[in-house]
Structure formats: C-alpha cells, structure tokens
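Listed below are the residues making up each chain.
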Amino acid sequence: MTARIIDGKAFAANLRARVATHAAAFAAAAGRPAGLAVVLVGEDAASSVYVRSKGKATREAGMASFEHRLSTDVSQDDLIARVEQLNADPAVDGILVQLPLPKHLDSDAVLLTIDPDKDVDGFHPVNAGRLATGLPGMVPCTPYGCLLLLRDVLGDLSGMDAVVVGRSNIVGKPMAALLTAESCTVTIAHSRTRDLADHVRRADIVVAAVGRANFVPGDWIKPGATVIDVGINRTDAGLVGDVDFASAKEVAGAITPVPGGVGPMTIACLLRNTLVAAYRRAGIAFDDKTL
Ligand SMILES: Nc1nc2c(c(=O)[nH]1)N[C@@H](CN(C=O)c1ccc(C(=O)N[C@@H](CCC(=O)O)C(=O)O)cc1)CN2
Ligand SMILES: [Mg+2]
C-alpha cells in the first residue's frame, strides 16, 4: 500500500482564500479591517522568515498587519509594556509573540500578558482552559490545522484510536484536547512512555510532534492509519519530519509530507483565528465552524 499524500499546502491556500472572502465581509460590516500584530524579538533567522510570511499572508487576506520588531536585548518590562499597548489598541484583533524568545525573557509571563480574546496563538492558559472544557476560545493554530486535515481525510473521527506523540503546551496537549472533543480515544505519549511502538501500532490516527528527526519508523504504523507529522527538523539531508516518511508512506493510508503538510496550515489557521477574534470583538455574528 502506498499512502495518499495529504497536500497541506493546497488545503492551506484554499483556507486562506476563504478567510479572505470573510475578511472582506468583516471590513464592510465593521468599517475597518481585521488587524493582526506580530511581535518579533531579535534576529533569529527562522523566526524572521515566519514573521515575514505572516505579515504577507495577513495583507493578502485583506487584513491589517502590524509588525513590532524589538532588539534582542529588550527588557522583560519593555516587552510586556509593548504587549499591553497592543491589548489596548482597538485596531488590533490578534496579538502574537513569535517564539522562541531570547533566553533572558520569561515566555510564560509574556504570554500571560496577552488579552485572551486577542490571543490568536491560543497559548494563554485561559484559552487552554477553554479548550479543555469545551468553551469557545482561541485554539492553537498548528493543532487546529492538523484537525482540519484529519477531518478532510477521514470525515467523522468519532471512536477512532489516536496517539499524539509529544506533550508540549503548543501542540501535543491541545491536539489531544481537540481529538478528545471529536470523540477519539486519545493516548498522549512522550519521552517516558513505555512500549511506545505498541501504542502507536494500535492507532488509527498518529500525530507526531516530538521534534526529533525520523523518530517514528514505518513499522510502528498500523496499516491504513492516518499520519500527521508536525515535525520540522533541519538535517544534513534537508528538512525532515518526526516520521520516517519513506517507510511510513508504504504502510499508512494517508500521510502529511514535510515540507508541505502541516506547516502551511499554521499560518492559514492564524489568519482564521484573527478573523474569528475580530468578529467576536466587534460583536458581529459569525459562524466560526465555517472556517
Ligand atoms: N508564536 C508562535 N511561535 C511559533 C509558532 C507559532 O505557531 N506561534 N510556530 C512555529 C513557527 N511557525 C510559525 O510561527 C511556522 C513554522 C513552519 C511553517 C511552515 O510553513 N513550514 C514549512 C517549511 C518552511 C521551511 O522551509 O522552513 C512546511 O512545513 O511546509 C510555518 C510557520 C514556532 N514558533
Ligand atoms: Mg495505551
């Protein structure tokens, strides 16, 4: 069996086009565009690329992009003051602080400062709590992108066995919460999990988010399973995921490639979250399940 290769790039392009249509309707109804502020601290090369991509995608979707570039040695107080200024700015619907931050800064404290209703990354504990309890909030972009791809491939996920490999606050935990809300039976595996291969072999859905190149080999995959690879690892062989793609694609029913799978969904879902935040803040009805 050779797996269906899930085209995240095409899916993301389609989502971005749909966001753009709704963003135009928002601007007409609210008398202003939805706005996203991105804060970048320092010169990290990958972060600079991502922030530039986010700004471009935001403008292409017909939304306002506000870029705040702060020097590597910015103080914690000055960074927090910038976030507070964005919280108070009525033109800003979404705020995102690009991660990772330089070592001298306390990411948790910075993320706690973001107004939860503008937290388009969905990283604030209030949004984590809303997701865990089924309340409307902001859902982290990468896990939400994975969910959209899974629904597209599988339709109803109810009753399926899912394994999430990785327990980060940014991907693993919210991914598990989203799959639980879809009525999957979810296992969260991590570096201390015993008999990891056995857990993965039982899964209809595997989400790999450990940050280790080619960590999940094809012989761990149940024949026909759907494999979502969140990993982005730069190796001598180029960019690779957390799943050994060459062996896994011979066993899986469907699999995301790296690059071109989950990655593009992250920015598309960020635009989606910004639009959702804008509608909520403006008090204009919008069915966010359409996106
Ligand atoms: N505040 C945040 N910081 C970070 C996030 C985030 O969601 N919020 N995620 C990552 C970086 N990231 C966006 O910020 C991101 C990573 C990767 C991609 C992507 O499209 N990847 C491509 C490959 C790109 C390449 O060649 O390097 C792909 O997988 O096809 C988009 C966004 C960490 N920080
Ligand atoms: Mg188990």
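Since the model is a prediction, treat every value here as computed from it, not as a measurement.

## Section: the site of ligand 1
- Surrounding ligand 1, one finds 17 residues, the nearest of these being Tyr-50, Leu-99, Pro-259, Gly-263 and Thr-266.
- Elements with a contribution of two residues or more to the shell around ligand 1: β4 (94–97), α6 (141–154) and α10 (263–282).
- Take the shell around ligand 1: its biggest share by element is 4 residues, from α10.
- A breakdown of the residues in the shell around ligand 1 according to their chemical character gives 11 nonpolar, 5 polar and 1 charged.
- Three or more residues apiece are contributed to the shell around ligand 1 by two domains, here domain 1 (31–118) and domain 2 (141–263).

## What about the UniProt feature "domain: Tetrahydrofolate dehydrogenase/cyclohydrolase NAD(P)-binding" (unreviewed entry) in the protein chain?
- Here the UniProt feature "domain: Tetrahydrofolate dehydrogenase/cyclohydrolase NAD(P)-binding" (unreviewed entry) sits at residues 140–280.
- The span residues 140–280 is 37% helix and 18% strand, and its two end C-alpha atoms sit 17 Å from each other.

## Considerations on the pairing of strand β8 (residues 226–229)
- Every second residue of β8 is oriented toward a common face, with Thr-226 and Ile-228 on one face and Val-227 and Asp-229 on the other, all of them buried.
- Where strand β7 (residues 205–208) lies against β8, 4 bridges are found, and the strand directions are parallel. Its bridge partner being in β8, Val-206 is matched across the sheet by Val-227.
- Note that β8 and strand β11 (residues 254–255) share 2 bridges and pair parallel. In the strand pairing of β11, Val-227 is matched with Ile-255.

## Looking at helix α1 (residues 8–30)
- Taking 1.5 Å of rise per residue, 23 residues should cover 33 Å, and α1 covers 31 Å from first to last C-alpha, within 8% of that figure.
- Residues of α1 that are buried: Gly-8, Ala-12, Leu-15, Val-19, His-22, Ala-23 and Phe-26.
- On its buried face, α1 is in contact with α6 and α10.
- A positive backbone phi angle near 75° is found at Gly-31, which sits one or two residues after α1.

## Focus: the sheet that holds β8
- Sheet architecture is open: 6 strands sit in the order β1-β11-β8-β7-β5-β6, paired in parallel fashion. Two strands close off the open sheet at either side, each with one partner strand: β1 (4–5) and β6 (185–189).
- Judged from the 4 bridges that link them, strand β5 (residues 161–165) and β7 form a sheet pairing that is parallel. Looking at β7, one finds that Ala-162 is bridged to Ile-205.
- Contacts from α6 reach β7, β8 and β11 within the one sheet, and its direction differs from that of β8 by about 160°.
- Running over the sheet, helix α7 (residues 172–181) touches β5, β6 and β7 and is turned about 170° from β6.

## Thoughts on unusual backbone geometry
- The step from Leu-99 to Pro-100 runs through a cis peptide bond, and the omega angle for that step is 5°.
- In this structure, Pro-100 sits in the loop between β4 and α4 (107–113).
- Backbone torsion omega between Val-258 and Pro-259 reads 0°, so that peptide bond is classified as cis.
- The topology assignment puts Pro-259 in the loop between β11 and α10.

The rules behind these values
Residues numbered from 1 in each chain as written. Chains lettered and ligands numbered in written order. Predicted model: local features only at pLDDT ≥ 70, side-chain atom pairs only at ≥ 80, totals over all residues. Near = placed C-beta within 6 Å. Helix = DSSP H or I, 4+ residues; strand = E, 2+ residues; numbered from the N terminus. Nonpolar A, V, L, I, M, F, W, Y, C, P; charged D, E, K, R; others polar. Domains from an automatic or database assignment. UniProt positions renumbered as here; feature names shortened; annotations may be inferred. Buried ≥ 20, exposed ≤ 12 C-beta atoms within 10 Å, placed from the backbone. Pairing = 2+ DSSP bridges. Expected span 1.5 Å × (residues − 1). Contact = placed C-beta atoms within 7 Å. Axes fitted to C-alpha atoms, helices over the stretch in contact; angles between N-to-C directions.

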